[in-house]
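Read off the chains here:
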Amino acid sequence: MFKDKFKVDIAEKTAQAFRDVFPDLFISRPDLYIFDPDRLSERLETPKNPEMGNYALPLFDIAKILKGNPVEINKRLAETQNSRTLHPHLVFTAVGGFNNARIKTETLARDTLTTILEDEQDFGTSTEGQGKNIVIDFSSPNIAKPFGVGHLRTTAIGHSLYRIFEKLGYNSIGINHLGDWGTQFGKMIVAFRKWGSDDDLKTDPISKLYNLYVRFHQEEEKDPNLSEEAREAFRKLEQGGHDEAELWNKFKEYSLNAVKKTYETLGVHFDHYTGESFYNDKITPVIARLRSSGLTKFSQDALIVDLEEYNIPACILSKADGATLYATRDIAGVLYRWETFQFEKALYVVAASQKDHFKQVFKVIELLEEREKIPASKRCSGRLVHVDFGWIKFRDEMMSTRKGTIIFLDDVIEKATELARSKILEKNPDLKEIDKTARQIGIGAILFADMSTRRQKDVNFDWDDVLNFEGETGPYLQYTHARLASLLRHYEKKVSPEIDFSLLDHPEEYRVLDLLYKFPAAVCQAAETYEPYVISTYLIELASAFNKVYQRKDDSGRIDKIISDDAVLSQARMALVNCVKIVIKEGLYLLGIEAPDEM
Ligand code: ARG
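What this report covers is the structure whose coordinates are included nearby. (Residues numbered from 1 in each chain as written. Predicted model: local features only at pLDDT ≥ 70, side-chain atom pairs only at ≥ 80, totals over all residues. Heavy atoms only, no water.)

## Some details on the nonpolar core
By size, the foremost hydrophobic cluster in this structure holds 131 residues, and its most contacted members are F18, L161 and L516. Ranked by residue count, the leading element in this core is helix 23 (residues 567–590), at 12 residues. Setting aside anything within four residues of it in sequence, one finds L516 in contact with T112, L113, I116, F123, Y538, L542, L576, C579, V580 and V583. Of all hydrophobic cores here, the second largest spans 35 residues; its members include I287, L290, L307 and A346. (Core = buried A, V, L, I, M, F, W, Y, C linked by side-chain atoms within 4.5 Å. Buried < 20%, exposed > 50% of the residue type's maximum accessible area, 1.4 Å probe, protein only. Helix = DSSP H or I, 4+ residues; strand = E, 2+ residues; numbered from the N terminus. Contact = heavy atoms within 4.5 Å.)

Following this line, the structure appears as structure tokens:
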């Protein structure tokens, strides 16, 4: 948890003021913990209208306990709060039933800006996670199928969470649980033998494999025998058939190379590529363990864990022919990861359509630990989180790999880069590194779009929207950042912390200061809720607030320039510029997005 020192201060002063105003109450009712600073601090809200102050304490519940009118209580409270010190850095105001607290401009500016100028990109970094492992299972495409845009959101969100937790001092461990095992490989083997050739794989492996995959499903509809052939091929593969294994290896190698190239383009890194096949030799002991715990039973020759009692569909561990399933490998995966990493949390960044799957897996683990009477401190079941998310829709179309309507991620990246390039050529044709910048902007647009809504909501992907330099987009943030960088280049003096902070006294500037000061809290909130969205909306607010400073007009209606003849004033404003630039850059970094200095 992030400790907001102003919040602590406000809560303490308020608690004291309550005691001063209602001394009798506290003598007769020492049990009123609601007036403890810690509790009051939890009740502090952020006012919708920033003019009201940085924090507001609603007094309605409290007034009931005090058996009084909230407005009356508020007046007396605010008077007492303000009378306590001669040179207060906090000002309290009573507005109806809300007790508002405002940090004085100079204090807020000095405190926030000096910290940011000193810490730079480490602003908001903490050590709360030190010594703790966070395992993040993300991206995890099914290889031997192309890397489709359906896996874009897990890649974006997972990678961002990786960086957010790292910033809080955790040891993030990124795991790619590749879909490299399962009946689909039986289909691929059959399809390859019938219609494929080694030459195909050498020239254009990914789309050739994809075509085989689609063709198999088309032919299967006409000839149901193919399904049986595929099952047989997979059974052979599972039992160590040499020819099948050779083909499988080939598919895997080619696909993995292609997938890794895409990650490189996106700047995404994994600590482990341990896909489903990694668990092949770990499953037998896990099944034995589940059986001896007494959790399992047979149903139509399949080995299952019945979860009806919990309103969850039965978890099938192995089929009548001995084939294991996706869930079996995930159960083995949880136990393996727990043993290997003793994680604080294990996150599974996977689409909401797999909700039941994770309910099954997590429940089986929980029941197993109960049955085995594992002491609470050695259990992992409370630490597993399905970080689910909604669909991404391209003009309201869902994606289906089987029917061949997939949209390839590489094509999306290429298209975004091309669109970004044409924007650059239009706006700034003299830019030095056009190729590199176009890629950064294109990728920024795609990644930001994935994290611009709460993860459980669907994303409607529209090319015009995501690349709009003026909308709520990645490129808008990158563009704001580049403008700040350009201001700093033009301002030749060094921005020093010797600043008259009281000069940043316009409401527009105050709003920016307030947001800057709340960045560390936003990072914590993003981690607590597993929501990169907290960072993305924060950055949009910050950039828009700054753009209001930038466009502010003075009393005569002229733009009040950041850099003017007034050296002292310019110095103070440039400190603000520098800090906003630092925070936008770091926030974008946490989203996995680069921030070029020129664009
Ligand atoms: N390969 C799966 C898919 O594409 C996602 C795997 C997610 N991770 C996991 N441990 N199940 O649907």
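Let us keep going from here.
## Structural notes on the environment of V361
Within the fold, V361 resides in helix 15 (residues 355–371). Take V361: its relative accessible area is 1%, and that puts it in the buried class. Residues V361 and H242, 119 residues apart in the sequence, show an inter-C-alpha distance of 32 Å. Sequence-distant contacts of V361, that is, excluding residues within four places in its chain, are made with A327, D330, I331 and V334.

## Concerning the packing of helix 19 (residues 474–490) against helix 22 (residues 532–550)
Between helix 19 and helix 22, the least distance of the axes is 10 Å, while the angle of their chain directions is 45 degrees. Taken together, the axis directions place helix 19 and helix 22 in an arrangement best described as oblique. Of the two possible hands of crossing, helix 19 and helix 22 adopt the one that is left-handed. Within the contact between the two elements, helix 19 uses Y476, L477, T480, R483, L484 and L487 and helix 22 uses L539, I540, A543, S544, F546, N547 and Y550. (Axes fitted to C-alpha atoms, helices over the stretch in contact; angles between N-to-C directions. Parallel < 35°, antiparallel > 145°, perpendicular 65-115°, else oblique. Left-handed = near helix turned anticlockwise from the far one by under 90°.)

## Let's talk about the packing of aromatic side chains
One pass over the structure, following the stated rule, counts 27 aromatic pairs. Aromatic pair F165 and Y170: ring centres 5.2 Å apart, planes at 80 degrees, arrangement edge-to-face. A residue is classified by how much of its surface remains accessible, and F165, at 5% relative accessible area, is buried. Ring pairs connect the aromatic residues F138, F147, Y263, F270 and Y273, which therefore count as one cluster. The aromatic ring of F6 is capped on one face by K5, whose charged end is 5.6 Å from the ring centroid. Across from the ring centre of Y273, 4.7 Å away, lies the NZ or CZ of K260, which sits over that ring. (Phe/Tyr/Trp six-rings, centres within 6.5 Å; stacked < 30°, edge-to-face > 60°. Lys NZ or Arg CZ within 6 Å of the ring centre and 35° of its normal.)

## Digging into the sheet that holds strand 7 (residues 302–305)
Within a sheet, each strand pairs with its neighbour through backbone hydrogen bonds, oriented either parallel or antiparallel. The sheet built from 3 strands is open, its strands ordered 6-7-8 with antiparallel pairing. Single-partner strands in this sheet number two, and they are strand 6 (296–299) and strand 8 (315–318). The average undirected angle you get between the axes of adjacent strands in this sheet is 45 degrees. Alignment of strand 6 against strand 7, held across 4 bridges, turns out to be antiparallel. Residue pairing for strand 7: F298 is matched across the bridge by L303. (Pairing = 2+ DSSP bridges.)

## Remarks on empty space enclosed by the protein
Applying the stated criterion across every chain, the model contains 4 cavities of 30 Å³ or more. If you trace the largest cavity, you find it lined by T183, R231, F234, R235, E238, K319, D321 and A323. The element contributing the most residues to the lining of the largest cavity is helix 11 (residues 225–238), with 4 residues. Tallied by class, the residues present in the lining of the largest cavity amount to 2 nonpolar, 1 polar and 5 charged. (1 Å grid on protein atoms, 1.4 Å probe; cavity = no way out; pocket = protein on both sides within 12 Å on 5 of 7 lines; lining within 4 Å. Points joined across faces, edges and corners; volume = space filled by probe spheres on them. Nonpolar A, V, L, I, M, F, W, Y, C, P; charged D, E, K, R; others polar.)

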